[in-house]
Amino acid sequence: MLIKQKLEESFFKILMVISTIFVLGSLLLILGTVLWRGLPALDLAMLTQAPQGGYYLGKEGGILNAILGSLCLAGGATIVAVILSLPIALYLQLYPVPHFTKNWIRLSLDILWGTPSIVYGAIGFTLMIYLGMRASLLGGIIVLSLLELPIMVRGMEEAVSMVPKALLESSYSLGATRFETAFKVVVRQTLPGLITAILLAFGRGIGDAASVLFTAGYTDNLPTSLLRPVASLPLAVFFQLGTPFPAVQDRAYAAALVLIVLVLGLSITSRLLSTRFTKNIIR
Amino acid sequence: MSQALPLNTHSSPHLRIQDLNVWYETNHALRGIYAEIPTFGITAIIGPSGCGKTTLLRSLNRLLEEGEGIRVKGQVWLNEVDIYDRVMDLNELRTRVGLLAPKPYPLPLSIYENVAYGRRIHGLDVLDKGNGRNLDRKVEHYLRTAGLWEEVKDRLKAPASALSTGQQQRLCLARALAVEPEILLCDEPTSALDPISAQGIEEQLITLKENTTIVIVTHLLRQASRMADYVIFLWMGELVECGPAKELFKNPKDSRTQAYLMGKIG
């Protein structure tokens, strides 16, 4: 081997190791901080109670309002987004859509993806005022589902594009329609990919603060109605960090910890569940 | 360009191809094909790579059009109906004209559901259900026809992907037969298989030809001479010669057919 080749080889090896350490290190740093400051503040009451009087001054209560609120917001938004995304992804990949139309749909989705979430919040808020709506769970779900849509469509599209053409053709050559092929063959074949797309979108939805700030509002009450404001974990973190009391700030880290554990737990459970339905996949 | 010779004058052809032209973008891949495919028996399409064998085969159930940038002009008559007519229902056509692909692609379902799939989407299973466990019996029947039943009868619920390639190809055959096609198109059906599995598929097809029209694309002359009753020879997108297999293999009329059969070209 030439000296030059050896140098190149070792240079890129070192570069890869450094990047990997950097990425893993950032993750550990975040997890470490949240655990170190949040874990001592976390107790059963935080998970099982709504804020009582004086909670934000460091007195008793919990963030059950925000936990349930976030699950309702992101869960609802994810369901709405799946209903909208799956047909778009299947349509783009399986139907003979003109290239021009396809490219425009993709470009629109990419622009939506790159739009800051505060813009979604602001536009949602403006529309809600126009319609005479108050900040509510429904408003939050609608705005979050728009926020989740592009990431979900592109993820699903990526998964569907991996289906071998010959597999589609073997379904068509039995006289199956595109619709039957899409829902009976493609969805089964790509389930793990679809679930990844859904989880990515759910993660973005549940972690976003700016878009729900104006549209879902905040409340100390547990969510009871689609038309009432709801609390959310990212905003719970934000408001508690903003207080001057260290005890309350620690609770912000505890809320962040709950958020991380929720997303992680959901990822792991859905992956375990999905293996039950993917034993027939053609590799 | 030679006109098709009818195999026997007693039965009418099952498919009549009339001035069929295919373009991939600007590449004129099939040029004015005229041919008749006799009812029942095995018709082999032979010729060197890139001569348009697969293109011709896939134009017969219009699967060709699933690709991009493809243009087809001409007529293919199936029992006095032009399959390229605008009123032709593609799903009905593909139910009547089945396909066995070169590489087996089972559906992401169990062995049983792979065979039942076609019957379910066409509502044939409703008729089956009318009589107790008839769908089970149908699935068994087609798995037996494809010569796979004995190997899978104890694990019908197992994923089809767990089968060997040879078994998967027989499963694909059972799956294709389960929708009761009148014509079965086979695109180099043994090219991905070991010799033993290949022989199995050949034997199943020879049994099936009694009551199904089979069209097979093959680049193996030996396979064509073993199986075919009727042969179509393509060269560079043109039909050079076609006729009963015995005649064509013994006395090829065109000099290109002679050269190809003797191994001088292609």
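First, a word on what this report is: a plain description of the structure on this page. (Residues numbered from 1 in each chain as written. Chains lettered and ligands numbered in written order. Predicted model: local features only at pLDDT ≥ 70, side-chain atom pairs only at ≥ 80, totals over all residues.)

1. Regarding the sheet that holds strand E1 (residues 13–24) of chain B
One key point about sheets: their strands pair by backbone hydrogen bonds, in either a parallel or an antiparallel sense.
Residues and elements named next belong to chain B.
Piece 1. If you walk across this open sheet you meet the four strands as E2-E1-E4-E5, and the pairing is antiparallel. At either margin of the open sheet sits one strand with a lone partner, and together these are strand E2 (27–38) and strand E5 (81–82).
Piece 2. Here E1 pairs with E2 via eight bridges, running antiparallel. Among the inter-strand pairings, Leu-20 is bridged to a residue of E2, identified as Ile-33. (Pairing = 2+ DSSP bridges. Helix = DSSP H or I, 4+ residues; strand = E, 2+ residues; numbered from the N terminus.)

2. Considering unusual backbone geometry
Excluding glycine, residues mostly carry a negative phi; peptide bonds, for their part, are mostly trans.
All names here are of chain B.
Piece 1. Residue Asp-19 is not a glycine yet carries a positive backbone phi of 50°.
Piece 2. Topologically, Asp-19 is positioned in strand E1.
Piece 3. With a phi close to 60°, Arg-62 is a non-glycine residue in the positive phi region.
Piece 4. Residue placement: Arg-62 occurs in the loop between helix H1 (53–59) and strand E4 (70–78).

3. Details of the sheet that holds strand E6 (residues 97–100) of chain B
Residues and elements named next belong to chain B.
Piece 1. Reading across the sheet, the six strands line up as E6-E7-E8-E3-E9-E10 and stay open at both edges, with mixed pairing between neighbours. Where the open sheet ends on each side, the last strands, each with one partner, are E6 and strand E10 (238–244). Shown here is a sheet whose adjacent strand axes are inclined to one another by a mean of 15°, direction ignored.
Piece 2. Pairing of strand E3 (residues 41–46) with strand E9 (residues 230–235), which is carried by four bridges, proceeds in the parallel orientation. Following the sheet pairing, Ile-45 is matched in E9 by Ile-232.
Piece 3. Sheet strands touched by helix H7 (residues 165–177): E6 and strand E7 (183–187). Its angle to E6, the strand with the most contacts, is close to 175°. (Axes fitted to C-alpha atoms, helices over the stretch in contact; angles between N-to-C directions. Contact = placed C-beta atoms within 7 Å.)

4. Some remarks on the environment of Ile-141 of chain A
Residues and elements named next belong to chain A.
Piece 1. Among the structural elements, Ile-141 can be located in helix H6 (residues 137–161).
Piece 2. Given 26 C-beta atoms within a 10 Å radius, Ile-141 is considered buried.
Piece 3. Measuring from C-alpha to C-alpha, the distance between Ile-141 and Val-212 comes to 8.6 Å, with 71 residues separating the pair along the chain.
Piece 4. Apart from the residues within four sequence positions on either side, Ile-141 is in contact with Leu-73, Gly-76, Ala-77 and Val-80. (Buried ≥ 20, exposed ≤ 12 C-beta atoms within 10 Å, placed from the backbone.)

5. Concerning the interface of chain B and chain A
Piece 1. Of the residues lining the interface, 28 residues belong to chain B; the matching set on chain A comes to 21 residues.
Piece 2. Of all the secondary structure elements, the ones that give two or more residues to the side of chain B that touches chain A are helix H2 (90–96), E6, helix H3 (111–121) and H7 of chain B.
Piece 3. It is H2 of chain B that contributes the most residues to the side of chain B that touches chain A, four residues altogether.
Piece 4. Of the residues belonging to the side of chain B that touches chain A, the class tally is 15 nonpolar, eight polar and five charged. (Nonpolar A, V, L, I, M, F, W, Y, C, P; charged D, E, K, R; others polar.)

6. Observations concerning the packing of H3 of chain B against H7 of chain B
Residue and element names in this part refer to chain B.
Piece 1. Viewed as axis vectors pointing N to C, H3 and H7 meet at an angle of 30°, and their least axial separation amounts to 7 Å. Considering their axes alone, H3 and H7 lie roughly parallel with respect to each other. In this structure, H3 uses Ile-111, Asn-114, Val-115, Tyr-117 and Gly-118 to contact H7, whose residues at the interface are Leu-171, Ala-174 and Arg-175. (Parallel < 35°, antiparallel > 145°, perpendicular 65-115°, else oblique.)

7. Some thoughts on helix H7 (residues 165–172) of chain A
Piece 1. If you check which residues of H7 of chain A are buried, you get Leu-168, Glu-169, Ser-170, Ser-171 and Tyr-172 of chain A.
Piece 2. On its buried side, H7 of chain A packs onto helix H8 (178–189) of chain A together with H2 and H7 of chain B.

8. A short note on the nonpolar core
Piece 1. Grouped together as the largest cluster of nonpolar side chains are 145 residues, with contacts concentrated most on Leu-73, Met-152 and Ala-255 of chain A together with Ala-174, Val-215 and Val-231 of chain B.
Piece 2. Examining the composition of this core, we find that 14 residues originate from one element, H6 of chain A, more than from any other.
Piece 3. Those residues in contact with Leu-73 of chain A that lie beyond four places of it in its chain are Leu-137, Gly-140, Ile-141, Leu-144, Val-212, Ala-216, Val-230 and Ser-232 of chain A. (Core = buried A, V, L, I, M, F, W, Y, C linked by C-beta atoms within 7 Å.)

9. Concerning helix H1 (residues 3–38) of chain A
Owing to its 3.6 residues per turn, the α-helix brings residues three or four apart onto one side.
Piece 1. Here H1 of chain A is 36 residues long and its end C-alpha atoms lie 52 Å apart, about the 52 Å a rise of 1.5 Å per residue gives.
Piece 2. For H1 of chain A, the buried fraction is low: two of the 36 residues fall into the buried class. (Expected span 1.5 Å × (residues − 1).)

Take it as geometry only, folks, not as evidence of what the structure does.
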